[in-house]
Amino acid sequence: MRKFVYILVTVLLVLTACTGRRDQNMMLMKRAERQMKTDAQSAMHIIDSIPDTILSKGVVPEYHNSRCMQVFRYNKAAISLKEGKWGDAKDWLRLIIVQEESTNGKRQAIDFFEKLVLLMNKPKDAVNEKDSLKNSLISQLLSTDGSIQHTAAYDYSSAIKEATIHSPIYWSAIIFLIICLSLLLFIQQKENKAKAISLYQDKITQLNKDAERMKNSTSEKLGIGKQFYEAVTSGGTMKNISIENEHCFVDYYAFLFPEEYATITRPYNNLSLRHTTYLILLQMGFNDADIKTILFVKPSTIRNYRLRISKTKKQDI
């Protein structure tokens, strides 16, 4: 029994310390928001001291303001890029794209993401060019309306919520009750929990591997799709394009213009890859004669595309 009490007290102290740390992070974020209006450099210094785990959460904490969170993330991306942490910069920009609510803001973030991907794909021997592009991208990140240097000129105080920071005694009482209930449940389900932990660890490991593989695959596919997109827009063709590369072209267009992609595909059921490509080319402003040349097909094939696409149209549209 005495051993049980010792363990309980130790865990309680650890969790209380963690709570105090969280409160400290909350106060740092509020302090950075205040500094944004007067001193951009001081605000950036404070943001740099906030753990990445706080700013990289998929949702905005209830005590914080979504606009300021995006500001913090833009500057984290700039700091990561300045320090040569390319992967971290990509992750920050990807999170900004997902969390951005406005269409213009999302497209702006996507543009920065694409520039970073192109920069990372530059040959290693092009040192001067990479440095120049890197500095240019950092400057753009810090001059956008999502940056502290831009935000410092405006007063966002009316949009900033005051955080309620409870004392350690309050949190200690709550945590004490949670620990007691958790330990009772742990005693009853000890064997099952050990098996569940092992299973979850295996799943987490596999998910991490899958996520890493998907991240690398997505970057590569977007790069391929961008090449074909730029080739078509500059008067090139997609003659003898492989099915895999055509998927890359469609995926890149959907990534670059999500609203347009949804508009042209929503009225249809089960569109094939080629029919989707045809509709995208139409949306890009090409006529049937142009598409025939781009896809290197016969006029009868184009007519066949139109006929088959019309048969897949939803009845209620």
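Before reading further, recall that the structure is shown in the block above.
The paragraphs below set out a description of the structure included in this document. (Residues numbered from 1 in each chain as written. Predicted model: local features only at pLDDT ≥ 70, side-chain atom pairs only at ≥ 80, totals over all residues. Heavy atoms only, no water.)

**A closer look at the overall build of the protein**
Tallying secondary structure elements over the protein gives 15 helices and zero strands in all. Classification of the 317 residues of the protein by burial places 35% in the buried group. Long-range pairs, those at least 24 residues apart, make up 67% of the contacts in the protein between residues at least 6 apart in sequence. By element, 56% of the accessible surface of the protein is carried by carbon and sulfur atoms, the whole surface being about 19,300 Å². (Helix = DSSP H or I, 4+ residues; strand = E, 2+ residues; numbered from the N terminus. Buried < 20%, exposed > 50% of the residue type's maximum accessible area, 1.4 Å probe, protein only. Contact = heavy atoms within 4.5 Å. Areas by Shrake-Rupley, 256 points an atom, 1.4 Å probe, with all protein chains shown as cover.)

**Examining the packing of helix 6 (residues 103–120) against helix 11 (residues 243–256)**
For the pair helix 6 and helix 11, interaxial distance at closest approach is 10 Å and the crossing angle is 135°. As the angle between them shows, helix 6 and helix 11 are arranged oblique. The residues of helix 11 that touch helix 6, namely those facing Ile110, Phe113 and Glu114, are Tyr252, Phe255 and Leu256. Of the residues that constitute the contact of helix 6 with helix 11, the class distribution is five nonpolar, no polar and one charged. (Axes fitted to C-alpha atoms, helices over the stretch in contact; angles between N-to-C directions. Parallel < 35°, antiparallel > 145°, perpendicular 65-115°, else oblique. Nonpolar A, V, L, I, M, F, W, Y, C, P; charged D, E, K, R; others polar.)

**Quick word on the nonpolar core**
Ranked by internal contacts, the top residues of the largest apolar core, which has 57 residues, are Leu55, Leu93, Leu141, Met238, Phe249, Leu281 and Leu295. Residue contributions to this core peak at seven residues, all from helix 4 (residues 66–82). With residues up to four places along the chain from it excluded, the contact list for leucine 281 reads Val232, Met238, Phe249, Phe286, Ile291, Ile294 and Leu295. (Core = buried A, V, L, I, M, F, W, Y, C linked by side-chain atoms within 4.5 Å.)

**Quick notes on the pattern of salt bridges**
Any two side chains of opposite charge can pair, so long as their charged atoms come close to each other. Taken as a whole and assessed by the stated rule, the structure comprises seven salt bridges. Here lysine 85 makes a salt bridge to glutamate 83, at a shortest N to O gap of 3.2 Å. Taking relative accessible area as the criterion, lysine 85 reaches 41% and is therefore assigned partly exposed. The partner of lysine 115 in a salt bridge is aspartate 111, and the shortest N-O contact between them spans 3.4 Å. Here lysine 115 and its partner aspartate 111 are both found in helix 6, four residues apart, which amounts to about one turn of the helix. We classify lysine 115 as partly exposed; its relative accessible area is 34%. Classification of aspartate 111 by relative accessible area gives partly exposed; the value is 36%. (Salt bridge = Lys/Arg side-chain N within 4 Å of Asp/Glu carboxyl O.)

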